[in-house]
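Fold and contact review
These are the residues of each chain, in order.
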Amino acid sequence: MTERNGPIDRSPATPRRSGLDTVAKQIIELLQDDGRLSYSAIAKEVGLSEAAVRHRVQKLIDTGVMQVVAVTDPMQMGFARQAMVGIKVSGNVRDVATELSTMEKLDYIVITTGRFDILAELVAESDDELLDIVSQQISAIDKVVTTETFVYLRLEKQTYAWGVK
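Residues numbered from 1 in each chain as written. Predicted model: local features only at pLDDT ≥ 70, side-chain atom pairs only at ≥ 80, totals over all residues. Heavy atoms only, no water.

With their axes 8 Å apart at the nearest point, helix α2 (residues 39-46) and helix α3 (residues 50-62) run at an angle of 100° to one another. If you check the angle between α2 and α3, you find them roughly perpendicular. Where α2 approaches α3, its residues Y39, S40, I42, A43 and V46 are matched on the opposing element by E50, V53, R54 and V57. Along the lines of polarity and charge, the residues of the contact of α2 with α3 split into six nonpolar, one polar and two charged. (Axes fitted to C-alpha atoms, helices over the stretch in contact; angles between N-to-C directions. Helix = DSSP H or I, 4+ residues; strand = E, 2+ residues; numbered from the N terminus. Parallel < 35°, antiparallel > 145°, perpendicular 65-115°, else oblique. Contact = heavy atoms within 4.5 Å. Nonpolar A, V, L, I, M, F, W, Y, C, P; charged D, E, K, R; others polar.)

Right, dumping it as structure tokens:
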């Protein structure tokens, strides 16, 4: 249950019904509450066999509905900087977002409205690495007009337990 299957491709980002049954939603909510919950404990809660739960969890992971990962505070893990970079683009925003998605150091990329076209989050080992990522990698992309970097001073809240619909 703890293996990471890489980033989820959520495009196109249009609202849609989940198509998940009640049991799948229960499984997701249980794992959002405690990602270390055993298959047997989940089985007891949802009324299925352990094998059926294992199969359903794997299907949820394989289809990109969810990931089961260890979420950490990068600062407590020894990284010096975490930042959000606001990016203004001239031209096709999706093309730039796709190119940013190939950058290993960027862990979160969203196309947005408002002051910026794209927001990209990163974790860096040093100020020099942060500077390199922003000035030599992100800013070097054709169609990137400007960037603005918001350095995180402290992680105050981070949760992924927003439930299911």
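From this point, things continue past the structure.
With that out of the way, let us pick up the nonpolar core. Membership of the largest hydrophobic core comes to 20 residues, with the highest contact counts inside it found for I87, V96, L100, L106, I118, L122 and I138. Going through the elements one at a time, β1 (81-89), α4 (93-101), β3 (118-124) and α5 (127-138) are the ones with two or more residues in this core. Counting 16 residues, the second largest nonpolar core, distinct from the first, contains A24, L37, Y39 and V46. (Core = buried A, V, L, I, M, F, W, Y, C linked by side-chain atoms within 4.5 Å. Buried < 20%, exposed > 50% of the residue type's maximum accessible area, 1.4 Å probe, protein only.)

What follows is about unusual backbone geometry. One non-glycine residue, K143, lies in positive phi territory at about 90°. Positionally, K143 belongs in the loop between α5 and β4 (144-151).

Here we take up the sheet that holds β4. One open sheet accounts for four strands, arranged β2-β3-β1-β4; its pairing is antiparallel. Both edges of this open sheet fall to β2 (106-111) and β4, since each of them pairs with a single strand only. Neighbouring strand axes in the sheet, compared pairwise and without regard to direction, differ in orientation by 20° on average. Pairing of β1 with β4 involves seven bridges; the strand directions are antiparallel. Following the sheet pairing, A83 is matched in β4 by V151. (Pairing = 2+ DSSP bridges.)

Looking only at α2, the buried set comprises Y39, I42, A43 and V46. Viewed end-on, α2 has its buried residues packed into an arc of 105°, placing them on one side of the element. Away from the buried face of α2 by more than 90 degrees, exposed residues K44 and E45 are located. In this fold, the buried residues of α2 make contact with α1 (22-33) and α3. G47 sits one or two residues past α2 and shows a positive phi near 80°. (Arc of directions from axis to C-beta.)

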